[in-house]
Each structure stands twice: as C-alpha cells, then as structure tokens.
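Analysis of the macromolecular model
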Amino acid sequence: MTTSVKNNFLPPSLISNLQQVLISRNDAVEHQSTNSFDSTSSLSSRSRNAKPNTANVEPDCSKPVLLITNGEGIDSPGLTFLVQALLSDGRFSLHVCAPQSDKSVAGHSVTVRETVAVCSVEMNGATAFEVSGTPVDCVSLALSGALFSWSKPVLLISGINGGSSGGRNMYYSGAVAAAREALICGVPSLCLSFNWKKEVSCESDLKNAANVCLPLIFAAVRDIERRNFPESCLLNIQIPSCPLANKGFKLTRQSLWRSPLSWKAVSANRHPAAGQYLSNQQSLGIKLAQLSRDASAAGAARRLNSHRQNVEIESVGIAGKLNGQQTIKKYFRLEVLEKETEDADDNLDFRAVEDGYVAVTPLCLSSTDQSKIETQVSNWITVALGRRQ
C-alpha cells in the first residue's frame, strides 16, 4: 500500500516522516480490522459499532434489495426472525433501518428540530442501522440517499410486530406508518403483524409467522419486478395466533374495531420516574401523554406568577375549591384494555385473523381508490399464491 501527502512547500524530511507515519497507521488499521472480523464472525448475536463505516455500502446488484424496518425496535424478536428467514433463503440483499427503541405507537410522526443519531449494528449478515427516531424517520432516511447508496429498494417490509395493526389500531401503529411512508416515496411495501395473545403466545410463534409470510414476500418481489404487483397501496398483513395452523391468506377490509382506551387518575407517588407507562397489551402499548412545563405558551404564561402553590390531586372531584394562588397538577395513566371480538362481517380484518386466516388488507393513500385496489389485490393473491414457489 502506498500513501502520499500533498507537498504544500513543506521540508522534504518532514514529508518523508509523515508518509511513514500514515503508512504505519494504515497497516495497523487493516490488521486490527482483520482481527476484529475473525473474533466477531462466530458470534450469533449482533454487536453495536461492529461496522462503523458501512454507510453508503454498495448492495449486491445481483440480488433484489429489500429494506426492513419495524415499530418495536431493532432488538425485537419479530424483526430478528424475519431477517433470519430472509437471509437463510439467500435470494435477497437485506438492509435494515429500524428504531433504536420501541416506537410501536409513534404513528406517522417524524423528528424535527432535533438531531437523529444513527448507529451501525451487526445483524447476521444484513447491513443494519439503528436510528434514535421514529419508524417513519427510519424509512425517510433510508430512502433519502444519505445512508444507503442505492436509489431505492425493490420492497420495504415493516415487521414482524407482536400485536394487532388492524382496524383503527392502524392509525396508532408506527409499523403501518413506516410502510405508508415507503408508499408515499414510491416504494411498494408490506406491513407484517402477529396477533399476539397475552399468556398464550411465545417467541417461537414469531419465527413461525416469518416462515408463513415468505411465500407472499417471494411472490411480491417477483411480481414487482414483472410490474404485476398492485400499485397505489400497501398490504397490511396480520398473522393469526397459531401461524402454522392458519387457514390460508384472505383478502380483508379494514374494520372499525379499536382497542378500548382507559385513562385513570393516579397519585403523585405512583407517577413513574420515566414519565410514561406502557400497556401490558403488546398490540397497542400507548404511552402516557406527558404534561411538561413547556407544553404550551398559555401554560408558560400561567407559571410566570412564581408565588402560586402547586397542589397535586388525583381528580377534579377530590380537589374541591382552590384559591387563586394554587395551580392544579395531576397525573394520569393510560391503559389499553383487552376486548373480545364481536360478531361481524367475515371479510373484516380482525374477524378473519380471529378465525385463523392470514388477513391481507390493502391500504390506500386515497379512499377513492379503495374499491378498485381491493379487486386488483384479490386477483393478484389468487394468481401469485396459486403458483408453485
């Protein structure tokens, strides 16, 4: 290896010394990188910062590029099993860009006026990054050209998320929002969710769910390349609680069902230090809305009077009548309640999943295209999954 230093009228002896130093450093870096690869290649789990210079990595042009993200974070088992299943097949070049932590109910939010941190991670052979922002941040960044060198992937897959994304839960779902963002950017997308049942489901079910979805993923990539895949919609796919016993894929319509929400007043000594609660139900872990001192200009104006006394109460009913020098400060906890599914049309998403089908619900950016898209997706599923893979 040769290394040169541009001569900006420096003494020849100094230039020679600089060249020797740079050569020595480059040789040391190469030796260290080789040893690092040998010592970490046998590890089954990923390690942060294992490939600090993997930004703008050239993908294998001989394989279709898939972009993987999710809502529950890069460490979630659903994403891990999905990546493992796709890598074991060997027909795709995988790139992962997922939230650093659980953002399952971030909706279609983006991070503005703040810096988003991105860190490379090792994930069983896939080029992977964790992002401190939301699922939509992950997709937007990945497709911007600032992180990866390719113009765009063949397909984006969001999942596998452990919880329902059907019905009106879809509007809260960060996973669905990630798939929607890809569609807005002109990239076909799938959102995969597993109908997790508390105290019944286990991680092995997520692995089975990944294998169940492979035929649909293969068919989607194949027909996207052939320009036979339905456009102007994303496919919201929900896998039943017993993946291997599923009754097949079924085209469904989005229902009006939603997990019931319950706000409860709590006392100050039960207010968590982290400032938030997560639901026990993994399908919709809606976070506590934090009441910060900078919530609004009106709130800031009210706090200009430093002589007022803060009084913490559980509810207005308990407060009684307060004098003009007191400010009310309350704490609330949001819980997501479990609700039995009701009798409804068999073609609705949540009903089909409860009946044991893999529900495939097309979601459009425009409601005026819904009927047309449903017909296109129905025809595509019939033909695509009817072929031998």
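Here's what I pulled together on the structure shown here. (Residues numbered from 1 in each chain as written. Predicted model: local features only at pLDDT ≥ 70, side-chain atom pairs only at ≥ 80, totals over all residues. Heavy atoms only, no water.)

**Considering the overall build of the protein chain**
- What the protein chain contains, in helices and strands, is nine helices and 12 strands.
- For the protein chain, buried positions account for 43% of its 389 residues.
- Looking at the protein chain alone, contacts between residues at least 24 apart form 77% of all its contacts between residues at least 6 apart.
- Here the protein chain has roughly 20800 Å² of accessible surface; of this, 49% comes from carbon and sulfur atoms. (Helix = DSSP H or I, 4+ residues; strand = E, 2+ residues; numbered from the N terminus. Buried < 20%, exposed > 50% of the residue type's maximum accessible area, 1.4 Å probe, protein only. Contact = heavy atoms within 4.5 Å. Areas by Shrake-Rupley, 256 points an atom, 1.4 Å probe, with all protein chains shown as cover.)

**Observations concerning the sheet that holds strand E12 (residues 358–364)**
- Read across the open sheet, the nine strands follow the order E3-E4-E2-E1-E5-E6-E7-E12-E8; overall the sheet is mixed. Two strands lie at the open edges of the sheet, namely strand E3 (118–123) and strand E8 (249–251), each paired on one side alone. Across the sheet, the mean angle separating the axes of adjacent strands is 25° when strand polarity is ignored.
- The sheet contact formed by strand E5 (residues 155–162) and strand E6 (residues 189–194) spans five bridges and is parallel. Bridging across to E6, Ile-157 finds its partner in Leu-190.
- Each of strand E1 (65–69), E5, E6, strand E7 (233–239), E8 and E12 touches helix H5 (residues 203–225); the most contacted strand, E5, lies at about 165° to it. (Pairing = 2+ DSSP bridges. Axes fitted to C-alpha atoms, helices over the stretch in contact; angles between N-to-C directions.)

**Details of the packing of aromatic side chains**
- Counted under the stated rule, the structure contains five aromatic pairs.
- Measuring from ring centre to ring centre gives 4.9 Å for Phe-148 and Trp-150, while their planes differ by 10°; the resulting arrangement is stacked. Judged on exposure class, the residue Phe-148 and its partner Trp-150 are both buried.
- Every member of this aromatic cluster is reached through a ring pair, and the members are Phe-129, Phe-148 and Trp-150.
- Sitting above the plane of the Phe-218 ring, Arg-91 keeps its charged end 3.8 Å from the centroid.
- The cationic tip of Lys-250 hangs over the ring face of Tyr-357; the distance from NZ or CZ to the ring centre is 4.8 Å. (Phe/Tyr/Trp six-rings, centres within 6.5 Å; stacked < 30°, edge-to-face > 60°. Lys NZ or Arg CZ within 6 Å of the ring centre and 35° of its normal.)

**Regarding the pairing of strand E2 (residues 93–99)**
- The buried fraction of E2 is high, at seven of seven residues.
- Regarding topology, helix H2 (residues 77–89) serves as the crossover connection from E1 to the parallel E2, and that connection is right-handed.
- With five bridges connecting them, E2 and strand E4 (residues 126–131) associate as parallel partners. Looking across to E4, one finds that Cys-97 is bridged to Phe-129. (Right-handed = clockwise from strand over helix to strand, strands pointing away.)

**Some thoughts on helix H3 (residues 135–143)**
- Among the nine residues in H3, seven count as buried, and that is most of the element.
- For H3, every residue scored as buried is listed here: Pro-135, Val-136, Asp-137, Cys-138, Val-139, Ala-142 and Leu-143.
- Considering only its buried residues, H3 is in contact with E1, E2, E4, E5 and helix H4 (174–184).

**Comments concerning the environment of Val-65**
- The topology assignment puts Val-65 in strand E1.
- Each C-alpha atom, one on Val-65 and one on Leu-156, is 9.0 Å from the other, the two residues being 91 residues apart in sequence.

**A look at the pattern of salt bridges**
- Across all of its chains, the model carries four salt bridges by this definition.
- Salt-bridge contacts for Asp-89 lead to Arg-91; the nearest nitrogen and oxygen are separated by 2.4 Å.
- Look at Arg-91 and you get partly exposed, because its relative accessible area is 39%. (Salt bridge = Lys/Arg side-chain N within 4 Å of Asp/Glu carboxyl O.)

**Notes on H4**
- Within H4, nine of the 11 residues are buried, leaving the element largely enclosed by the surrounding structure.
- Packing partners of the buried residues in H4 comprise E1, H3, E5, E6, E7 and E12.
- Gly-186 sits one or two residues past H4 and shows a positive phi near 85°.

**Remarks on the nonpolar core**
- The biggest cluster of nonpolar side chains holds 50 residues, and the ones touching the most others in it are Leu-86 and Val-96.
- The element best represented in this core is H5, accounting for 13 residues.
- Setting aside anything within four residues of it in sequence, one finds Val-96 in contact with Ile-68, Ile-74, Leu-79, Val-83, Met-123, Ala-126, Thr-127, Ala-128, Phe-129 and Phe-148.
- In terms of nonpolar packing, the next biggest core, distinct from the first, is built from 24 residues, Val-139, Leu-143, Trp-150 and Leu-183 among them. (Core = buried A, V, L, I, M, F, W, Y, C linked by side-chain atoms within 4.5 Å.)

**Notes on the state of the cysteines**
- All told, the structure shown has zero disulfides when counted by the stated rule.
- In this model Cys-233 remains outside any disulfide bridge; the closest cysteine sulfur is found in Cys-364, 5.4 Å from its own.
- Look at Cys-233 and you get buried, because its relative accessible area is 1%. (Disulfide = S-S within 2.5 Å.)

**Things to note about the packing of H2 against H5**
- Across the interface, H2 lies against H5 with an axial gap of 9 Å and an inter-helix angle of 45°. It follows from the interaxial angle that H2 and H5 lie oblique. Of the two possible hands of crossing, H2 and H5 adopt the one that is right-handed. Residues Pro-77, Gly-78, Phe-81, Leu-82, Ala-85, Leu-86 and Asp-89 of H2 form the contact with H5, whose own contacting residues are Glu-203, Leu-206, Lys-207, Ala-210, Asn-211, Leu-214, Ile-217 and Phe-218. (Parallel < 35°, antiparallel > 145°, perpendicular 65-115°, else oblique. Left-handed = near helix turned anticlockwise from the far one by under 90°.)

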